[in-house]
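# Descriptive structure summary
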Amino acid sequence: HIGHAYEKVLADVLARFHRMKGEEVFFLTGVDQHGQQVQQSAQREGVEPQQFVDTLTDKFIALWSRLDVKYDRWAATTDDLHKACVRGILQRLFDDGQIYKEKQGGHYSIRQEQFLTDKERNQSGEFGPEWGTTEFREEENYYFRLAQHRDWLLALLDSRSDLILPAFRQKELRNAVEKLSGDLCISRPKSRLDWGIELPFDADFVSYVWFDALVNYISFVDYRGDEPYAQQPPAFRERWPALHVIGKDILIPAHGVYWPIMLHAMGFPDDAIPQFLVHGWWNIAGAKISKSLGNVVDPDALADKYGTEALRYYLMSDITTGGDSDFSEERLVTRYNSDLANSLGNLLNRSLSMAQRYRDGIIKRASASSPLAALAADLVNDYERMMAAFNVQSAVDRLGVFLTACNAYIETTAPWKLAKTPERASDLDEVLAGLAEALRFAAILISPLMPKSAGAICGQLNWTGELRLDAAKWGALPDGHRLGKPTPLFPRIEAEEAKA
């Protein structure tokens, strides 16, 4: 649904921003394909689990391609490379005494596929609806010694204040870690779950989700499960540690508690524990979007209706990274019309039309003394700072302020009046050149969000330079540069179209 699309587009925008800065980026995403629910769903469909997950995976891959998400590697946990890595890690931890076998009984959540403790009971002493159907089970399984690493994780959170972003999420995590007790069940007997990775030290059990799904973050970056951290290949060491972009619902306990402790137990040094960027939820009327509530928003349908670029822009511009936001198709249309059609699109069309009308499309080199030059320099500095801090919405809004100033500049300078006064020809040249440069800056800075639109703006400017941040230097369009002819890039969405 739209929440999944937001997460992938956010990661893609951040990856594109860092590539735009000339940095090496390795963008990994994928699917977790094992587990009880997958096995049960495949049985209901009357197909083998592998066929079931392959069908779902193809749909995800098609959607990410549709949304122009450019990842470097796709992680599927049924991959043999991943399985070998998981087995290597499990064997090392078992040999190190970090994994043990024990028989335990307790209430089990079928929906969440985990044993529950009294901590999960609500004020009435019951297990709430979020756990679904529960039943009492007594079962022998393998456990990872989680609790003995509690103090280490607390110390790490104290020493690395930016481990979890935004900062208030780190405080939430620390509170959860202080309450940590007990170890982590990491297996399921094959007698009730055989769709998983077989434990290397006991063929009667498969690995449960934690030492399978979470390990994909390193298995597909060439981490060797049977080797200690210091002996990992250069390909891994060059790409690690990573930034994990995750939703707030999977920070505690999976990513914020289990994953760092797992890495620590595997021998990862403190400075190799990854950073987490935790985003909020898209809601509808304050309620989380979910299949169970029947309020799912289909990003494929939105892309059909409004186009991929408009959808990407809305997702990045209407939610503060880390916070929640109410999804609104009306807001999508409003932001598209105001920010893209009326502001950026209008600026592009007016500027190029005037250049063609008054100078046959040929402009002078933009002067460093142009009022827009200082505005553009400030824009780039603010934009880079905001994007580096993952404040994508703030960066979008900052670009919007610049575009508004450029449109106001047209009204103030009135090129149509300058064109009627021959002695002010140089003033008209300065205005037209400054507007062309401003549009080139806009194309560069909007490219992580809307790569195709950025390319189209460059095409209309007849500028063939690379969309890199270091190209955002004033005066790159040479004296005598010929601009292209304007083509409406963001036609307004009328109310009738939005309702269709």
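Everything below is about the structure shown above.
A brief look at the structure comes next.

What counts as what
Residues numbered from 1 in each chain as written. Predicted model: local features only at pLDDT ≥ 70, side-chain atom pairs only at ≥ 80, totals over all residues. Heavy atoms only, no water. Axes fitted to C-alpha atoms, helices over the stretch in contact; angles between N-to-C directions. Helix = DSSP H or I, 4+ residues; strand = E, 2+ residues; numbered from the N terminus. Parallel < 35°, antiparallel > 145°, perpendicular 65-115°, else oblique. Left-handed = near helix turned anticlockwise from the far one by under 90°. Contact = heavy atoms within 4.5 Å. Nonpolar A, V, L, I, M, F, W, Y, C, P; charged D, E, K, R; others polar. Polar contact = N/O pair within 3.5 Å; in protein donor to acceptor, adjacent residues only side chain to side chain. Salt bridge = Lys/Arg side-chain N within 4 Å of Asp/Glu carboxyl O. Buried < 20%, exposed > 50% of the residue type's maximum accessible area, 1.4 Å probe, protein only. Pairing = 2+ DSSP bridges.

On to the packing of helix α13 (residues 329-359) against helix α17 (residues 425-446). α17 packs onto α13 with a crossing angle of 140° between their chain directions and a minimal axis gap of 10 Å. Taken together, α13 and α17 sit at an angle that is classed as oblique. In this structure, the crossing between α13 and α17 has a hand that is left-handed. Contacts between α13 and α17 involve Leu340, Leu344, Leu347, Leu348, Ser351, Met354, Ala355, Tyr358 and Arg359 from the former and Ala425, Leu428, Asp429, Leu432, Leu435, Leu439, Ala442 and Ile446 from the latter. Here the residues of the contact of α13 with α17 sort into 14 nonpolar, 1 polar and 2 charged.

Looking at the secondary structure, you find threonine 308 in helix α12 (residues 308-317). Separated by 2.9 Å, the side chain of threonine 308 and the backbone oxygen of arginine 66 make a polar contact. Threonine 308 has contacts with Arg66, Leu67, Asp68 and Ala303, leaving out every residue within four places of it along the chain.

Note that side chains of opposite charge can pair when their charged atoms are close. A full pass over the atoms with the stated rule returns 38 salt bridges. Note that lysine 101 and aspartate 202 form a salt bridge whose closest N and O atoms lie 3.5 Å from each other. Of this pair, lysine 101 sits in strand β3 (residues 99-109) while aspartate 202 sits in strand β10 (residues 202-207); the two residues are 101 residues apart in sequence, bridging distant segments of the chain. The class of lysine 101 is partly exposed, set by a relative accessible area of 38%. For aspartate 202, a relative accessible area of 12% corresponds to the buried category.

The next point concerns the sheet that holds strand β9 (residues 198-199). If you walk across this open sheet you meet the 3 strands as β8-β10-β9, and the pairing is antiparallel. At either end of the open sheet lies a strand with only one pairing partner, and these are β8 (187-189) and β9. Bridge count between β8 and β10: 3 bridges; the pairing is antiparallel. Across the sheet, arginine 188 pairs through a bridge with valine 206, a residue of β10.

Ordered in space as β14-β13-β15, the 3 strands form an open sheet in which the pairing is mixed. Looking at the sheet topology across the chains shown, the edges are occupied by β14 (287-288) and β15 (325-326). The pairing of strand β13 (residues 282-284) with β15 spans 2 bridges and is parallel. Paired with asparagine 283 across the two strands is aspartate 326, which belongs to β15.

Moving on, we get to the side chain of glutamine 170. Within the secondary structure, glutamine 170 is located in helix α6 (residues 167-178). Residue glutamine 170 is classed as buried on the basis of its relative accessible area of 7%. Among the polar contacts listed, one links the side chain of glutamine 170 to the backbone oxygen of arginine 160, at a separation of 2.8 Å.

This part is about the environment of serine 453. Among the structural elements, serine 453 can be located in helix α18 (residues 451-461). Taking the relative accessible area as the measure of exposure, serine 453 reaches 7% and is therefore buried. Separated by 37 residues in sequence, serine 453 and phenylalanine 490 have C-alpha atoms that sit 9.0 Å apart. For serine 453, the contacting residues outside a window of four places in its chain are Glu309, Leu489 and Phe490.

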